[in-house]
Every structure is written in C-alpha cells, then in structure tokens.
Amino acid sequence: MKVGPPVEPVAGSSRTGRNLPVAVAVGLALAVVIIASLYFVKVLFLAVVIAAVGIGVTELVRSFEARGITVPLVPVLAGMTAMLVGAYWGGEVTGSAWGGTAWLVGVFAMTVLVLMIWRMFQGTENYVRDITATILVVVYPSLLAGFVALLLADPDQGPDRVVVFIATTAASDIGGYFAGISLGRHKMAPVISPKKTWEGFAGSALACMAVGGWLVAWLLKDDIWKGVLIGAVVVVFATLGDLVESVIKRDLGVKDMGSVLPGHGGMMDRLDSMVAALIPVWVLLTLLV
C-alpha cells in the first residue's frame, strides 16, 4: 500500500514512482508460479517459498552489512530452511497444525542457540549488536514465514488456505495503491512512510474484506463473515508490517531492500506485509474455518 506522488515521475511510471506495466507483469508471473506449484506439487510451492524468503533474508543481511552489522548469511539461511521444512513436515506427519507449530518453534529455538554460539567464536567486540540483528533476521522474515508452511500442511484445504492468505494480503496492496493515487490526501505516517494515506488504507480495507469474504465462501465453503473478518485483520497487520519495514529501511539508510523484482523493488519489499499478516491469518483459519 505504497501511495502518494513522487517528486518527479519518470517515463512509464505512475504517481507512486512504480513502473505500473512492469509491476503488473511481474505480479502476474508470480501469481502463475504460485498457483501452478500450489495445486500440482505442494512441495514445489514450499521450495518457491524457501527461495523467496531466502532472497528476502539475503537482502536484509546485506543491508545490515552496509552499516557494519555482521549477520552470518549461510547459517541464517540454513535455519530458515529448516524452520519451513520442519513446519511443513511436522504438519504433514501429525495431520495437525499444532504438530507443525511444535516443529517450527523447536527448530527456531535451536537456530537461535546455534547462531549465538557461532557468533561467540568470532570474538567479543559488537557481539550483542550483531547477535541482536541476527535474531531479528531469524524472526523477521524467517520464523514468520514458517506459518505459510503450516497453512500448506493442512491435509484437506492446504492450497486453498494459502490462496486465501496470499490473495487477501495482495488485495491490501492493490486496493491501497489505486485508492491512494486517486483519492490520497491525508498522510497516515508521514515520518515513517510519507506516501501512505488514510484514503489508501480505506481502499486496502475494502479490497481485503471483499476478497477475503469471497474466497472463504468459494474455496473453503464457509461463512462470508469469516472471510470479511480475516480481511479486516489482514489490512491492519499488512499495513503495520509495511510500516515496520519502512522503519528498518530508514534506520539503515536504504530506499529499497533490493531490485530483484522489476517494478516492485526487493523481495523484502513484497514480503513485508505478508509475513506480518501470516500469524493472525493462520490463527483465524485454524480456529474459525
């Protein structure tokens, strides 16, 4: 939900500075990859998630390095992969979302311990600073992304639940984008993210609730109000997740985490709202649907 006019739009870009045709093309390509992997080979979708989150982790680690903060990339990526695989495998074996959760939390705790010991052997200088940043990366986005593996592991509706989550979260960005460029006037958080407006937030909310209600009724065969509730929760957490990443980028002095996705920026610039919304969506789907 990045809304508001840039100072000088470039050719082919929208008022937000985003190259809209390229952004749409990339978004559609990602949607095709996600849907194809989800409904044909679930494990392939898990591999797509691991790759995407791995790129996001790499972007975050490199942004820390630019400020002299050391985060060991390879061990962090190994822990992230183990968390996602453990969450999916635990859910598949036990047939229960809670079984996958136990694996996710257990592997997370072991990853943190191993990384603390790893950094210890690199010396004592800046230990607290570096290990704090390392644990942040292990939590955000690594641990949070593990909850998509829990959704996927559902024996009956795994792919459908993932689609509900992704589509509803994507609706937040799309609804906010178009409402913001056409109606955006009142700044939401000018110090953190000057382009965000309350009008854009309203557009996000309407889009999230509409998409959530529709997909829960269509794919999950449940009450529309549950999907509307999920959409309302998504828009709040997706927006907060976006703001959290904006704070991190401002502190590190970077505009985008990367440039791997033309028209979108870095992978973390796409994952920020998703990883923040994952846990509440998982909780609501587990308890209500």
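Residues numbered from 1 in each chain as written. Predicted model: local features only at pLDDT ≥ 70, side-chain atom pairs only at ≥ 80, totals over all residues. Heavy atoms only, no water.

**Q** Before we go on, may I ask you to explain the overall build of the chain in this structure?
**A** From N to C terminus, the chain includes nine helices and two strands. Along its sequence from the N terminus, the chain presents helices and strands in the succession α-α-α-α-α-α-β-β-α-α-α. Every one of the 289 residues in the chain was classed for burial, and the buried ones make up 52%. Once local pairs closer than 6 in sequence are excluded, the contacts in the chain between residues at least 24 apart make up 70%. (Helix = DSSP H or I, 4+ residues; strand = E, 2+ residues; numbered from the N terminus. Buried < 20%, exposed > 50% of the residue type's maximum accessible area, 1.4 Å probe, protein only. Contact = heavy atoms within 4.5 Å.)

**Q** Help me understand the pattern of salt bridges, please; the structure alone is not making it clear to me.
**A** Once the charged atoms of two side chains with opposite charge are near each other, the side chains can pair. One pass over the full model with this rule turns up nine salt bridges. Here the residues in one salt-bridge network are Arg119, Arg129 and Asp130, joined through shared partners. (Salt bridge = Lys/Arg side-chain N within 4 Å of Asp/Glu carboxyl O.)

**Q** Would you take a moment to explain the nonpolar core for this structure?
**A** Within soluble globular proteins, side chains that are nonpolar tend to cluster in buried spots. Formed by 71 residues in total, the largest nonpolar core has its most connected members in Phe45, Phe64, Leu84, Val137, Val162 and Phe165. Those elements that place two or more of their residues in this core are helix 2 (42-65), helix 3 (73-94), helix 4 (97-120), helix 5 (127-152), helix 6 (158-183), helix 7 (198-218), helix 8 (224-252) and helix 9 (268-288). At 14 residues, the largest contribution of residues to this core is made by helix 5. If sequence neighbours within four positions are ignored, Phe165 has contacts with Val148, Leu151, Met274, Ala277, Leu278 and Val281. (Core = buried A, V, L, I, M, F, W, Y, C linked by side-chain atoms within 4.5 Å.)

**Q** Is there a simple way to think about helix 7 in this case?
**A** Residues lying three or four places apart along an α-helix face the same way, a consequence of the helix completing one turn every 3.6 residues. In a regular helix each residue adds 1.5 Å, so 21 residues correspond to 30 Å; helix 7 covers 30 Å between its end C-alpha atoms and thus fits that length. Those residues of helix 7 that are buried are in contact with helix 6, strand 2 (193-197) and helix 8. (Expected span 1.5 Å × (residues − 1).)

Any functional reading would require information that these geometric values do not contain.
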